[in-house]
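Commentary on secondary and tertiary structure
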Amino acid sequence: EELPSIRVKGKSEPVAIFALQGTQQVRSGQLSVPLYALPMIGRQDELETAIEKMMLALQGQGQLLGLVGEAGIGKSRLVAEILRLATVQNFALYGGECESYGLNSSYLAWQPIWRAIFGIDSGWSLARQTRTLHTQLAEINPIFVARAPILGAVLNLAIPDNELTQSLDPKLRKTLLEELLLDCLRSKARQRPLLILLEACQWLDPLSYELLETIVPAIVDLPVLLVCVSRLQEGETRLRSQRAHTQSHYTEIPISALTQRESAQFID
């Protein structure tokens, strides 16, 4: 709520102040398409490549797109166009973003994605979030409900261990987590094609990176388009994913500066 401006020591002009009304979840794993007043300039070859791979994913041949380029080069504008076209093709859109401060936060990039896939709102009570998760798991496979606690890390939910999960060592727990997520991904993809967007992948935390490496080969026969956007760090020339580079369904799209003609068109 905007309040009347006040005088503050050391400031010659009045300072605007506001009263906090409440909290709001700014980010959600369920993506909406950004709206731009101006059309996209250039990037037609890159967009045609993305469309080609999108159509393959729609046919059940999962694809991984790696969009790489320097900061401010226009990656987000191309992503917005890809999302717009995916919406026309009835893809369900999910996304998460890595953060520079999140390198030590487990599964930070994937948390909003999986919460959205399971239909969980972080504003709900823990009991309601857990009930929703159980319902979603039961619809996929009733035996998955007992494994719900191992999803706690990737959903940022404090789900108490049960008799099945309390004795799991960390290595086995991680393996079962990845297997469960893949089973759920396959189930959701059978219902509707999926587009999963991971932004700022140069800051992927280790566990998010390992989950990406697990999911990449698993989508090859699924209607899934996985889009990884990465800002090139010093000395890098491609997406930082060892497994991606060996996959036949991986396509890297480097984003470079606009041509002189495109720049003039943009200015006009």
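Here goes a summary of the coordinates provided. What you see is a predicted model; the values in this text were computed from it and never measured.

Within the protein chain, the regular secondary structure consists of 8 helices and 7 strands. For the C-alpha atoms alone, the extent of the protein chain along its principal axes is close to 65 × 55 × 35 Å. For the protein chain, the proportion of its 268 residues judged to be buried stands at 43%. Accessible surface for the protein chain amounts to roughly 14800 Å². Of this, 51% is attributable to carbon and sulfur atoms. Separation between the mean location of the 25 positive side-chain charges and that of the 29 negative ones in the protein chain comes to 3 Å.

Further remarks concern the pairing of strand β5 (residues 194-199). Among the 6 residues that make up β5, 5 are buried, leaving the element largely enclosed by the rest of the structure. In this structure, strand β4 (residues 92-97) lies alongside β5, joined through 6 bridges in parallel fashion. Pairing of Gly 96 across the sheet is with Leu 198, part of β5. Judged from the 5 bridges that link them, β5 and strand β6 (residues 224-231) form a sheet pairing that is parallel. Note that in β6 the partner of Leu 194 across the bridge is Val 224. With helix α7 (residues 206-218) bridging β5 and its parallel neighbour β6, the resulting β-α-β unit is right-handed.

Next up on the list: the environment of Gly 96. Inspection of the secondary structure puts Gly 96 in strand β4. A relative accessible area of 8% means that Gly 96 is categorised as buried. Taking the C-alpha atoms as reference, Gly 96 lies 34 Å from Ala 264; in sequence the two are 168 residues apart. In this structure, Gly 96 is in contact with Ala 109, Pro 112, Ile 113, Leu 197, Leu 198 and Glu 199, ignoring residues within four places of it in sequence.

Let us now look at helix α6 (residues 170-191). The terminal C-alpha atoms of α6, which comprises 22 residues, lie 32 Å apart, in line with the 32 Å expected from a rise of 1.5 Å per residue. Of the positions making up α6, those classed as buried are Leu 177, Glu 178, Leu 180, Leu 181, Leu 182, Cys 184, Leu 185, Ser 187, Lys 188 and Ala 189. In this structure, the buried residues of α6 make contact with α3 (111-117), α4 (126-140), α5 (152-155), β5, α7 and β6. Capping the start of α6, Asp 169 holds a side-chain oxygen 3.0 Å from the backbone nitrogen of Lys 171, two or three residues further along.

Glancing now at the packing of α4 against α6. Packed helix pairs are characterised by how far apart their axes lie and by the angle those axes make with each other. Interhelical geometry of α4 versus α6 gives an angle of 75 degrees and a closest axis separation of 10 Å. The angle between the axes of α4 and α6 places the two elements in the roughly perpendicular class. Between α4, through Gln 136, Leu 137 and Ile 140, and α6, the contact on the second element is made entirely by Asp 183, Cys 184, Ser 187 and Lys 188. Partitioned by chemical class, the residues of the contact of α4 with α6 number 3 nonpolar, 2 polar and 2 charged.

Taking strand neighbours across the sheet as the criterion, the 5 strands line up as β4-β5-β6-β3-β7 in an open arrangement whose pairing is parallel. Each edge of the open sheet carries a strand with a single partner, namely β4 and β7 (250-254). Averaged over neighbouring strand pairs, the angle between their axes works out to 15 degrees when direction is ignored. In the packing of helix α1 (residues 44-58) onto the sheet, contacts are made with β3 (63-69), β6 and β7, and the angle to β7 comes to roughly 160 degrees. Lying on the sheet, α7 is in contact with β3, β5 and β6; it crosses β6 at an angle near 140 degrees.

Here the focus is the environment of Leu 195. Its location among the elements puts Leu 195 in strand β5. Separated by 164 residues in the primary sequence, Leu 195 and Leu 31 have C-alpha atoms spaced 9.6 Å apart.

In terms of nonpolar packing, the biggest core is built from 51 residues, with Trp 110, Trp 114, Leu 151, Val 154 and Leu 226 touching the most fellow members. Looking at this core element by element, the count peaks at 7 residues for α6. Core analysis: the next-biggest nonpolar cluster, separate from the first, contains 23 residues, Leu 65, Ala 86, Phe 91 and Ile 253 among them.

Reading the values: rules and limits
- Residues numbered from 1 in each chain as written.
- Predicted model: local features only at pLDDT ≥ 70, side-chain atom pairs only at ≥ 80, totals over all residues.
- Heavy atoms only, no water.
- Helix = DSSP H or I, 4+ residues; strand = E, 2+ residues; numbered from the N terminus.
- Buried < 20%, exposed > 50% of the residue type's maximum accessible area, 1.4 Å probe, protein only.
- Areas by Shrake-Rupley, 256 points an atom, 1.4 Å probe, with all protein chains shown as cover.
- Lys, Arg positive; Asp, Glu negative; His and termini not counted.
- Charge placed at Lys NZ, Arg CZ, Asp CG, Glu CD.
- Pairing = 2+ DSSP bridges.
- Right-handed = clockwise from strand over helix to strand, strands pointing away.
- Contact = heavy atoms within 4.5 Å.
- Expected span 1.5 Å × (residues − 1).
- Polar contact = N/O pair within 3.5 Å; in protein donor to acceptor, adjacent residues only side chain to side chain.
- Axes fitted to C-alpha atoms, helices over the stretch in contact; angles between N-to-C directions.
- Parallel < 35°, antiparallel > 145°, perpendicular 65-115°, else oblique.
- Nonpolar A, V, L, I, M, F, W, Y, C, P; charged D, E, K, R; others polar.
- Core = buried A, V, L, I, M, F, W, Y, C linked by side-chain atoms within 4.5 Å.

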